[in-house]
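Understanding the architecture of this molecule
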Amino acid sequence: FLSVLLGYKETSILEEQQNLLFEQQGASVWPYLDNSTYFEIGEGTAVFKYEVVNKGVGPAIIGDVDNTYKNIKIETWELALELDKEYPNLSINQMRNANLNRRVLAPGELFNVVTIRFTAKENFEGNLIDVLNKISEEYKLKYCYCSVFGECWQVNGLDNLTKSGDCKIRSGLVH
């Protein structure tokens, strides 16, 4: 009986050590994606940028990305068209749009999703910073990303991040 008890205890200790090693291994490649908006304000002009940066220590494997403006799904290149309708007193030039779908971001890598320049027309009565703040609240990305070990997170907007076990890309990472 004593031999069986000792064997069970040894097995439990080894299992705990193995789990701890697996957690440490996972933490050594843990990605952390940060979505941010940036503004550049000048005399009668402004620039809006939406960027995603991997602030983690491992690569981030990104799944399909939904771009939304006012909770309506759009393509990245459609944002300027939507803003043109909403702000006819601004000249809007989309300088960059890039698709984040199915990318892998290395640690420290920054990805510029969209950059838009606004120029106030003569009849613009408002504040460009208010326009940029409103766009920042209404333009969102929703996507899932995973570590190389299949640990996944769901992103919705700028600061809504939750751990997720049902990302579509996860099945290709975990056997």
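Preceding this section is the structure that the text describes.
Cut-offs used in this document
- Residues numbered from 1 in each chain as written.
- Predicted model: local features only at pLDDT ≥ 70, side-chain atom pairs only at ≥ 80, totals over all residues.
- Heavy atoms only, no water.
- Buried < 20%, exposed > 50% of the residue type's maximum accessible area, 1.4 Å probe, protein only.
- Helix = DSSP H or I, 4+ residues; strand = E, 2+ residues; numbered from the N terminus.
- Arc of directions from axis to C-beta.
- Contact = heavy atoms within 4.5 Å.
- Polar contact = N/O pair within 3.5 Å; in protein donor to acceptor, adjacent residues only side chain to side chain.
- Pairing = 2+ DSSP bridges.
- Patch = residues over 30% accessible without salt bridge, like charges linked within 9 Å, V, L, I, M, F, W, Y side chains within 5 Å.
- Areas by Shrake-Rupley, 256 points an atom, 1.4 Å probe, with all protein chains shown as cover.
- Salt bridge = Lys/Arg side-chain N within 4 Å of Asp/Glu carboxyl O.
- Disulfide = S-S within 2.5 Å.

Once that is clear, we can look at helix H2 (residues 79-86). Taken together, the buried positions of H2 are Leu79, Ala80 and Leu83. The buried residues of H2 occupy an angular sector of 90° when projected down its axis, which confines them to one face. As for H2, its buried residues are in contact with strand E3 (60-69), strand E4 (72-74), strand E5 (90-97), strand E7 (110-120), helix H3 (128-138) and strand E8 (139-146).

So, on to the side chain of Ser136. Within the secondary structure layout, Ser136 lies in helix H3. The exposure class assigned to Ser136 is buried, which follows from its relative accessible area of 12%. There is a polar contact of 2.9 Å between the side chain of Ser136 and the side chain of Thr37. Not counting residues within four places of it along the chain, the set of residues in contact with Ser136 comprises Thr37, Phe39, Phe48 and Leu158.

Another point: the pairing of strand E9 (residues 152-156). Pairing of E8 with E9, which is carried by five bridges, proceeds in the antiparallel orientation. What sits directly across from Cys146, in E9, is Cys152. Remark: five residues form the turn of the hairpin made by E8 and E9, two consecutive strands paired antiparallel; Gly150 in that turn has positive phi of roughly 85°. Where E9 meets strand E10 (residues 161-164), four bridges bridge the pair, whose relative direction is antiparallel. Following the sheet pairing, Cys152 is matched in E10 by Ser164. Counting the residues in the hairpin turn of E9 and E10 gives four residues, including Gly157, whose phi is positive at 90°.

Looking now at unusual backbone geometry. Although it is not a glycine, Asn71 adopts a positive phi angle of roughly 65°. If you trace the backbone, Asn71 turns up in the loop between E3 and E4. Here Asn71 falls in the exposed class, since its relative accessible area comes to 70%.

For the rest of this paragraph, the subject is the environment of Glu43. Considering the arrangement of structural elements, one finds Glu43 in the loop between strand E1 (33-41) and strand E2 (45-54). For Glu43, a relative accessible area of 80% puts it in the exposed group. Residues Glu43 and Thr119, 76 residues apart in the sequence, show an inter-C-alpha distance of 9.0 Å.

Together, Phe1, Leu2, Leu5 and Leu6 give the surface a local cluster of nonpolar side chains, amounting to about 520 Å² of exposed area. Topologically, Phe1 is positioned in the segment before helix H1 (2-27).

This brings us to the state of the cysteines. One pass over the full model with this rule turns up two disulfides. For Cys144, the disulfide goes to Cys167, at an S-S distance of 1.4 Å. Taken as a pair, Cys144 in strand E8 and Cys167 in the segment after E10 lie far apart in primary sequence, 23 residues in all. The same class applies to Cys144 and to Cys167, which are both buried. A sulfur-sulfur separation of 2.0 Å characterises the disulfide bridge that pairs Cys146 with Cys152. With the S-S dihedral at roughly 100°, the linkage between Cys146 and Cys152 falls on the right-handed side. Across the pair, exposure class does not vary: Cys146 and Cys152 are buried alike. Each bonded cysteine in the protein gets a number by its place in the sequence, and the pairs come out as 1-4, 2-3.

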